[in-house]
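Close look at the chain arrangement
Spelled out from the first residue to the last, the chains are:
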Amino acid sequence: MMRKRLLTPAMAAILLAMLFVLGTTSPIQAAVVYLKGRSEPLVGFVEFSDDQSITLRVTTEKGEELHRKFMRSEIDLLLQPVIPSRLASLSPDNPRAYREYAEELVEMKSDPEAVETATRLFIIAAHLSPKTEARSALLGLTPLVKDPQRVRQLRALAYMIDPKHDAKLLQGDSPSAKSGAAVDDKIREDTVSVLQMVRTEHRADAKQQLQREEIRDAIRSGTKQITPEECLEIIQGTCPGCGQGVIPPYMMQKLIAAELELISSKSPTEMPRQWGYFLDESFQKPLPVLTLDKATRFDPAKCIFRDGKWIEPSP
Amino acid sequence: MAYGSSPTSYGDNGSQRIDAFVREAEAFLASRGGHDPTALPALAYQFGLSREEYQQAVDVLYSHPKPQPEPPPVPHHPVEAEFPELLADEEPTTAEVLEEEPLVEALTTAESEFPEIRPSDLCSFVQQARIILSDEHGWTERAVARVNFVADQLLIPHNVRGDLFARLGDRDFQPRPQEDVRPAEHLHTAEVEPPPQPKPKRRPTPSKTFKHYLRKALEAMPAKRVNERREMKLIQEGTTKLGLSEVLARDLLLEVAQQEGYIVASAIEKPVEEEEIRAKEETITTFQQRAATIIAGQGGVNSLTRIMIAQVAEELGLTPEQRDEALSSIQRQTEKNQSDERLQHRATSYQQFLHEKLEHVKHGIVIATLAQKFVQLGVDMHGLPQDLAWKTLRETLQEEELRLITVEQAESHINSLVDDLMLEEHYVSMQNRQRLLAEGDQWGLDDRKCQQLIESRILENARNANRGQRRAALVFGAFFSLLLFGGGYLIYLRSVPPNADPSVARSAQNQPGNGTNQPGLDPTEPENKPEKLVWTRQPWWSESLSLDLIQVYQNETALQPKLTAICTPDLQKRIAAYQTLLPPLITTAVARDGKEKEVIRKSIMGLVQDEPDDEAVAVIAQSLTDDIALKDAPISGATPVSQMLEKAYEAINAAQQPGLPEARKLMLQSRLEKELGISYAGSAPPVELTMSEMIRDLYRKLRDLSTTDANTAARLHANLSATAQNYLPADQVIAKDSNLVAEIVARMTDQWDVYEPVVRRVINSDKVEMLLPILDAYEQKLKSHGIQEKVTALLSRRIGRGLDADDPVQSAAMIRTQLGIDTQIARDGEMYRTFLRRSGSYTWDVPDTASPAEMAIEAAQLGYVSVLGHAATQGELGQRIFESTIQNGPPDLELDQSVSAGPMPTRQAAALSNIELLIQRIQRATNPIGRVDIYKDLCSISGEVDDIDYPAADQLVDYILRPKQRAEQSQIQNGLRAFSHWPTVKLAMADQIPKARRAVDDIELIVNSMLGQTVPIDSYHTARDDLREALLKNVLEEMGGEPARSNMLSPQLANDVAQSLGDSYRLHAQLCGIPADQLPSTQSPEEVASRLIEIEKNRLHSLKLTDAETVQLNDLSRREIALDYLSNSPISGMVARQRIWLRLLAMRHGKDVPQLQSRLQQIVDQLDQQDAQATSVMAQLRSGEMALVKFWELTGGSA
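Before going into details, it helps to say that this report is about the structure given with it. (Residues numbered from 1 in each chain as written. Chains lettered and ligands numbered in written order. Predicted model: local features only at pLDDT ≥ 70, side-chain atom pairs only at ≥ 80, totals over all residues.)

A few points about the overall build of chain B
The number of helices and strands found in chain B is 53 helices and four strands. Scored against the burial criterion, the 1199 residues of chain B give a buried share of 34%. For chain B, contacts bridging at least 24 residues in sequence account for 72% of all contacts bridging at least 6. (Helix = DSSP H or I, 4+ residues; strand = E, 2+ residues; numbered from the N terminus. Buried ≥ 20, exposed ≤ 12 C-beta atoms within 10 Å, placed from the backbone. Contact = placed C-beta atoms within 7 Å.)

Shown next as structure tokens:
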């Protein structure tokens, strides 16, 4: 599907233009080469190119560099999305152009240079025009980021910088517990059993039980300590510090506290969130700094591309 | 004379004869053009006029206007405009009208003092009379006769002769034959033709005018007496309308009154008293004569003289006052006569007038023309002789520190400037010409004169240049001829190889720039020669800058080339020259003192002020502000502290000088703000703020250094303290020294000789509280025993008693008692100093190798110090918390050595394996005795593992809760405590209790044994739930004590750190006004921090915020939400709250103390920087507390 999208007439024209440039004086560029009869592309840097052939420098998984020469007739598609001339044409006077080009490059995730350039262009766009471009640029950047905490950082930045300060950007993480509602004793016992299953690593049973709506409601209304979603995260091993057969202390604490709250005849007590439970590596990561210049490794002030380098505009 | 001997008497026919004579004379004069009045006496004789009749006729002839043609309109005289009120006096009496009219008349005819005399006659008379007087050597009888003869010849009326004769001695009195006094027809034509340019005429002096006016006024008076009211009015006329001094006006009135035979009331005494006064005067005169004789006889005034004089005074019946007055009068008479006294009064009045006028002169010079005007005013308005006026003026100029510039000097100055310009540029541009004219104007030369000077000087320079060029052409021609001849001779020599000297050829070839080697490069070409600069005044240098630079040039010979380099109109060269000049100039200023230093400072300020180009000023500003702050760099021996301070001092002084363009001021100030991180927006004086902040920062750096290298810190402190006294008041410096000395002395082991003066100055300070820090340090024993003894000696000298160096506590107490240091008075300062001593041990930087556990411990310790800082800033309000915090001491947290990174130890793994085997064996065993044995084995090794897996725990609990014989049950009951540290076993027990096939009592017994406590049971029906709850709670409580699975930081330590920070933040909350009972100890630190944030927000909301501040506060609220969203643990939540609280604190304090804004922002920025580089949340936790400590350091110091 992607290949079809990339073969638009406009893109083809760009590629042709790029190939022409490559044959003359272009510096070394990254390229994605789709060979005929192969589904997986080759990613590397163009070392040499003429009308007949192209030589690609490819880095293997072991870190070795290989030079591979292909005849143009073997190539189904050659992608070189990062075009220096287009980068050079970008001007701080038009921040939107940075974001639009970055959005084009985001589509080409297989090309590391495209990803890197898209990241840079997004953050520059946000820097140049925080009021109009920050939200789109920062949210557009999130698909390129793998670390969930960094995704949250970008969303938090978008919330702070965008003039609308849309709180919806921060939703989806906070528990929506509605504690205090009466729970049927039978359901309560079943719920406690489910929590015990989670705790005692009877995960399949627990997962099955958690599909019951009444159990999920009982958890939501019977305790403030844990949510059904968190229970599922423990089962699936997707919570911070969680793993196959490993329940981090903070989650174990939540499970026990929830169980205690459900069986206790007394009023529920606030569970102290002891720091000792949060020593897993995932909790020890530093809190992100909420500034654009620290959001990526690129300095957004260097927003002009000249002679193959990003530089700051002269004052 | 014919008419003098006229036989006809002056009778009824006299008037007819006079009229006839007048008609004939008019006709005669009209026919002769009015230029030959000499025939009039003969004509008078023909008409038989007597001398008196002739005189009357002449009066009529010259005073009556002619009926034909009509006289020209009387031009409006400016003097009338000057004295309008003179004619519009309020309800004037007849006498007043009369006395005013003559003044108007006198003033309207002021162009000529003698309107009765024709100008040409007057001029002729004056010339002839002066010749006569010169011949006769003054006013001899013969001279009077000859002058009168001439006056008769020229028909000069007798009534004006007295005045006229008196004016003959005045050299300024130079009447000229007026060309505009023409016959009637000329006057008539003046109506239609534009009048010719009037020639300047000398107007009568104000004194003369006033005298004339006085005469007329007195004549108009009905009586020969001037009462006091009229006297005042007449004097007022002179002072207000003619500008005379009051003294002079009174003198003139008395003089005129005396001449005219009038009595001035104030000048005479009452007739009744007159005789008494005369008698008294005679007595006093007698006394004075006798006293003078006695004094002369005794050779001066001594005790005997005094007795003798007293006897005489008694004998003559003089009172002691009269005697003293008479004696002092003798003294005065010896010094001056009465006339001198009057003149002296006038001179004093004149001097006062001069002071008023000269105090507004800004350029430091008074030009000759202005001086001449002043002197003329002294003569005219104050009645001083010219020489006395000059003398008084010179004295006044000296007192006002002004310089009198003569016209010659001014001309010479302009000429020299033209010379300089011609030398540099070979022409004078329009711009430079304007500057020269402005300079000339400043030096008192009018534009016309200045233009003339410039032109003539340019011409002269051009002539000289032409002469020089001709001379140069001649020399060059001669040289060229010589060269040709020499070249020809050389070729000739070369053409004879056997005899040629090869060295000649070699040397010729080796000549640098030889045409064969470097074609086209001729170093002798004038174009390639650099412009030779000359040390000369630049057109844009003001007078004061010129003088300062000249002084620097003369004082600092080493700087002369660099100073000369700035003497260029080329901007780029000048910029380069400034860049080269300023560093050594600053170095020189540092090395000099007194006037030499001051003149360098003034020169730099002057350059900033006078330099015409802003680009060049920017370079000067950059030179003055570069590298004046260490920023993050530590201080060291190589730090040029003196130069940094001097540069900043000169920069801020240059910025503050009056009259500096605003753009330049802002340029300098913004550079200083950027470099030093300060703001001039507040009300603090900029110079004091700059120097205080710089020096404070350097002291901070020294304090940091003292923790690692106290000896170097001591040496540097000694230098800095001495230097700082050049820029700050001594008491401020010693206050800073006081704190730093305590830090350094406590740690130093060497450098005592260098440091001893600083320590001594602190110990001997007049303010005894300055001793407190060093006493605190001394009390806790100094690191070096040798230093301890030296300090003891100094302290001992201070109180004049012996002290024991080995018992510092006792000695310190003795000093406090002896000096009466009231600790209560110095409490605030002490708290702050104590806080600084504690905070001085921490810096932003942490070693790369620091583990999260170490950073967590430091975060807790910094949290403790932060409370001290917060309490110290609260002063008395924070005293109780400060003292209790100090008493409790810092948190005692240690690294848990038992926690080790890496996989589980082999021994523990083996033990776990054994445990699992034993549990399986219990399950399989059928013999109760065998089960008990296995159980005992299990108990014995249970301590080797922290916990077991749930399946094993489930099996073990299954065995424990299984119904069994009483003997077996009682056997295992005793060993249950061995598994109490296994949470999983307790969880498994909790899971099994609901369905356990045991009596509740048995289960209760088992659970109590397991937990080591008695679980309260409310009722039998809920007993199982109660026991289950107890087990779960126990697990929950003990979970925090588990060793870390990540092996990075033990949970126990993390919880301890949380507890410590919670305690600290509870104290912060108390300092912010929350009662202690509203701060439960169970609250986590992040919860308390949230309350602090709320308090701070409320405080800010209660203030009057600007729009920008409101936006800032809203941004902070959103930042709080965003950080909360990013926080995934209570630790990161705490980190987020630290930052929000700090930003809110910084915002409020920045609003309270605007000059701290930039430094507060620096702390926030530094924290951001640290966060960006942090590798763990614990590092951020530490940075957050460090930032708060820095915040208290800053705000506490300013409080």
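Examining the sheet that holds strand β3 (residues 53–59) of chain A
Residues and elements named next belong to chain A. The five strands are arranged β4-β3-β2-β1-β5 in an open sheet whose pairing can be described as antiparallel. The sheet is open, and its two borders are formed by β4 (65–71) and β5 (75–79), each paired with just one other strand. Neighbour-to-neighbour, the strand axes of this sheet turn through a mean angle of 40°, independent of strand direction. (Pairing = 2+ DSSP bridges. Axes fitted to C-alpha atoms, helices over the stretch in contact; angles between N-to-C directions.)

Considering the interface of chain B and chain A
Contact residues are listed per partner, giving 51 residues for chain B and 42 residues for chain A. For the side of chain B that touches chain A, the class distribution of residues is 27 nonpolar, 14 polar and ten charged. (Nonpolar A, V, L, I, M, F, W, Y, C, P; charged D, E, K, R; others polar.)

Points about helix α24 (residues 543–555) of chain B
Residue and element names in this part refer to chain B. Between the first and last C-alpha of α24 there are 18 Å, a value that for 13 residues agrees with the 18 Å anticipated at 1.5 Å per step. Every buried residue belonging to α24 is among L545, D548, L549 and V552, and all of these are buried. Down the axis, α24 shows its buried residues gathered within 95° of arc, on one side only. As for α24, its buried residues are in contact with α25 (560–565) and α27 (594–610). (Expected span 1.5 Å × (residues − 1). Arc of directions from axis to C-beta.)

A look at the pairing of β3 of chain A
Residue and element names in this part refer to chain A. In the sheet, strand β2 (residues 42–49) pairs with β3 via four bridges, with the strands oriented antiparallel. In the strand pairing of β3, F48 is matched with T55. Counted between consecutive antiparallel strands, the loop separating β2 from β3 contains three residues. Pairing analysis gives seven bridges linking β3 to β4, with the strands arranged antiparallel. Looking at β4, one finds that I54 is bridged to F70. Hairpin connection from β3 to β4: five residues lie between these consecutive antiparallel strands, with G63 at a positive phi of about 95°.

Regarding the nonpolar core
Judged by nonpolar contacts, the single largest core of 175 residues is most densely connected at L157 of chain A together with A856 and V1057 of chain B. Take this core: its biggest share by element is 13 residues, from helix α39 (residues 852–873) of chain B. Excluding residues within four positions of it along the chain, A856 of chain B makes contact with L1049, L1053, A1054, V1057, M1178 and L1181 of chain B. (Core = buried A, V, L, I, M, F, W, Y, C linked by C-beta atoms within 7 Å.)

Focus: helix α47 (residues 1023–1039) of chain B
If you check α47 of chain B, its first and last C-alpha atoms are 24 Å apart, about what 17 residues at 1.5 Å a residue would give, namely 24 Å. Looking at the buried residues of α47 of chain B, the elements they touch are α12 (249–263) of chain A together with α45 (983–992) and α46 (1000–1011) of chain B.

Section: the environment of L377 of chain B
Residue and element names in this part refer to chain B. You can see L377 is positioned in helix α18 (residues 368–382). Look at L377 and you get buried, because 20 C-beta atoms sit within 10 Å. On a C-alpha basis, the gap between L377 and L354 in space is 9.8 Å, while along the polypeptide they are 23 residues apart.

Description of the environment of S811 of chain B
Residue and element names in this part refer to chain B. By the secondary structure assignment, S811 is in helix α37 (residues 808–819). Along the primary structure S811 and Y778 are separated by 33 residues, whereas in three dimensions their C-alpha atoms are 9.1 Å apart. Apart from residues lying up to four places away in sequence, S811 is in contact with T792, L795, L803 and D804.

Digging into unusual backbone geometry
For residues that are not glycine, phi is negative in most cases, and the peptide bond is trans in most cases. If you check the backbone angles, D307 of chain A has positive phi at about 55° while not being a glycine. Positionally, D307 of chain A belongs in the loop between β6 (304–306) and β7 (309–311). With a phi close to 55°, D627 of chain B is a non-glycine residue in the positive phi region. Structurally, D627 of chain B can be placed in the loop between α28 (614–625) and α29 (641–656). Among the residues examined, D627 of chain B registers 14 C-beta atoms within 10 Å and is labelled partly exposed.

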